[in-house]
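Below are the chains, spelled out letter by letter.
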Amino acid sequence: MDIYNFLLRKNNYETEDYSYLIFYHPDKVVDNVFLFHTTLVKVEVNINHAEDLWKEALSLLDKPMPDSSKECEYCVYRERKINSSLLDF
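Just so it is clear, the structure is predicted and the values come from calculations on it, not from any experiment.

The rules behind each value
Residues numbered from 1 in each chain as written. Predicted model: local features only at pLDDT ≥ 70, side-chain atom pairs only at ≥ 80, totals over all residues. Heavy atoms only, no water. Helix = DSSP H or I, 4+ residues; strand = E, 2+ residues; numbered from the N terminus. Rg over C-alpha atoms; globule rule 2.2 N^0.38 Å. Buried < 20%, exposed > 50% of the residue type's maximum accessible area, 1.4 Å probe, protein only. Arc of directions from axis to C-beta. Contact = heavy atoms within 4.5 Å. Axes fitted to C-alpha atoms, helices over the stretch in contact; angles between N-to-C directions. Parallel < 35°, antiparallel > 145°, perpendicular 65-115°, else oblique. Phe/Tyr/Trp six-rings, centres within 6.5 Å; stacked < 30°, edge-to-face > 60°. Expected span 1.5 Å × (residues − 1). Polar contact = N/O pair within 3.5 Å; in protein donor to acceptor, adjacent residues only side chain to side chain. Patch = residues over 30% accessible without salt bridge, like charges linked within 9 Å, V, L, I, M, F, W, Y side chains within 5 Å. Areas by Shrake-Rupley, 256 points an atom, 1.4 Å probe, with all protein chains shown as cover. Salt bridge = Lys/Arg side-chain N within 4 Å of Asp/Glu carboxyl O.

Here's the deal with the overall build of the protein
Phase 1 of the analysis: Within the protein, the regular secondary structure consists of 3 helices and 2 strands.
Phase 2 of the analysis: Along its sequence from the N terminus, the protein presents helices and strands in the succession α-β-β-α-α.
Phase 3 of the analysis: For 89 residues, the compact-globule estimate of 2.2 N^0.38 gives 12 Å, and the C-alpha radius of gyration of the protein, at 22 Å, exceeds that figure by more than 25%.
Phase 4 of the analysis: Each principal axis of the C-alpha atoms in the protein carries an extent, and together these give about 50 × 45 × 25 Å.

This is the structure we're talking about:
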C-alpha cells in the first residue's frame, strides 16, 4: 500500500496516510450461494518507506546481473526453462 500511495502522489493525486483493505473469507453455502464474512482493515501508509524501496529497486537495476547459483530457486528454474526451450527447436 505504501508504493500505491507513493505512485498516486507522484501523479498528483491527493491521498491520506492510510489505506483500507477488505478481506472476504467464506462463511457457508446456502442454496448454492456462497456467503462470505468481510473484514475491513485500516493500514497505515508510509510513502517514505516506498520511496526508499523505489530508489533501491532502481539502484539494483543499474547493477550487472549476478552470477547464477545452484542454491537460487530462480536460477534453477531459469536454467530448466532455457534448457527445455532449446529442446523445442
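So, helix H1 (residues 2-10)
Phase 1 of the analysis: All of the buried residues in H1 are Asp 2, Asn 5 and Phe 6. Considered in projection along H1, the buried side chains sweep an arc of 100° and stay on one side of the axis.
Phase 2 of the analysis: On the buried face of H1, the contacting elements are strand E1 (18-30), strand E2 (33-44) and helix H2 (47-61).

With respect to the packing of H1 against H2
Phase 1 of the analysis: It is the contact of H1 with H2, at a shortest axis distance of 8 Å, that shows an interaxial angle of 90°. With respect to H2, the axis of H1 lies roughly perpendicular. From H1, Asp 2, Ile 3, Asn 5, Phe 6, Leu 7, Arg 9 and Lys 10 reach across to H2, where they touch Ile 47, His 49, Ala 50, Glu 51, Leu 53 and Trp 54.

Focus on the packing of aromatic side chains
Phase 1 of the analysis: If you walk through the whole model with that rule in mind, you get 2 aromatic pairs.
Phase 2 of the analysis: Measuring from ring centre to ring centre gives 6.2 Å for Phe 6 and Trp 54, while their planes differ by 50°; the resulting arrangement is tilted. Remark: Trp 54 occurs in helix H2 and Phe 6 occurs in helix H1; sequence separation between them is 48 residues.
Phase 3 of the analysis: Look at Trp 54 and you get partly exposed, because its relative accessible area is 38%.

Some points on H2
Residues three or four positions apart in an α-helix share a direction because the helix packs 3.6 residues into each turn.
Phase 1 of the analysis: Relative to the 21 Å expected for 15 residues at 1.5 Å per residue, H2 spans 21 Å between its end C-alpha atoms, a close match to the ideal helical length.
Phase 2 of the analysis: Capping the start of H2, Asn 46 holds a side-chain oxygen 2.9 Å from the backbone nitrogen of Asn 48, two or three residues further along.

Section: the side chain of Ser 19
Phase 1 of the analysis: Relative to the assigned elements, Ser 19 resides in strand E1.
Phase 2 of the analysis: Residue contacts for Ser 19: discarding those within four places in its chain leaves Met 1, Asn 5, Val 41, Lys 42, Val 43 and Val 45.

Notes on a nonpolar patch on the surface
Phase 1 of the analysis: Taken together, the side chains of Tyr 18, Tyr 20, Ile 22, Tyr 24, Val 29, Phe 34, Phe 36 and Leu 40 define a hydrophobic patch exposed on the protein surface, amounting to about 880 Å² of accessible area.
Phase 2 of the analysis: Only E1 and E2 provide two or more residues apiece to the nonpolar patch.
Phase 3 of the analysis: For the nonpolar patch, the leading source of residues is E1, giving 5 residues.
Phase 4 of the analysis: Secondary-structure assignment places Phe 36 in strand E2.

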